[in-house]
Amino acid sequence: MELYRGGNFNGEKLRENNFSWMGIFEEIPIMVSNSALFSAFMAELETDTPVSQGDYDRLHSSTAPSLRTIWHFRLNAWMIYLCNNKSIRYYYRNLSRLQAQQQVWLHKRR
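Rules behind the numbers
- Residues numbered from 1 in each chain as written.
- Predicted model: local features only at pLDDT ≥ 70, side-chain atom pairs only at ≥ 80, totals over all residues.
- Heavy atoms only, no water.
- Phe/Tyr/Trp six-rings, centres within 6.5 Å; stacked < 30°, edge-to-face > 60°.
- Helix = DSSP H or I, 4+ residues; strand = E, 2+ residues; numbered from the N terminus.
- Buried < 20%, exposed > 50% of the residue type's maximum accessible area, 1.4 Å probe, protein only.
- pLDDT = per-residue confidence, 0-100.

Things to note about the packing of aromatic side chains
Working step 1: Per the counting criterion, the structure on display carries 3 aromatic pairs.
Working step 2: With 6.4 Å between their ring centres and 40° between their planes, Phe38 and Phe41 make a pair best called tilted. Here Phe41 and Phe38 lie together in helix α4 (residues 36-44), a separation of 3 residues that amounts to about one turn.
Working step 3: Given a relative accessible area of 38%, Phe38 falls into the partly exposed group.
Working step 4: Geometrically, the ring pair formed by Tyr91 and Tyr92 is edge-to-face, given 5.2 Å between the ring centres and 70° between the ring planes.
Working step 5: You can call Tyr92 exposed: its relative accessible area is 52%.

Given below as structure tokens:
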């Protein structure tokens, strides 16, 4: 901290004072936990359960065309949202610019 306060905080000064990463960083214990939903999902994916043909059949479902249609509509809705969002941002940007011009005009008029 004295090097930092003095403005001499560079690599050369750190080497002269024998600083290392072990003297700068402090290891703190942390605990990482998963949500119950994720834990349940991982329990379903355990490798000790054998994979049956039914598991592979779910991947080639007859609902694939309907899923494709649903995702197509979602993508279109998202594109419409993005276009509307751009229009709204453009409108508010112009509105703030015009309000600023109006304030300047009123200030000059006074």
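Side note on the confidence of the model for the protein chain
Working step 1: The pLDDT averaged across the protein chain works out to 81; a share of 83% of its residues lies at or above 70.
Working step 2: When pLDDT is averaged over each element of the protein chain, helix α6 (residues 64-109) comes out on top at 90 and helix α5 (residues 53-57) at the bottom at 62.

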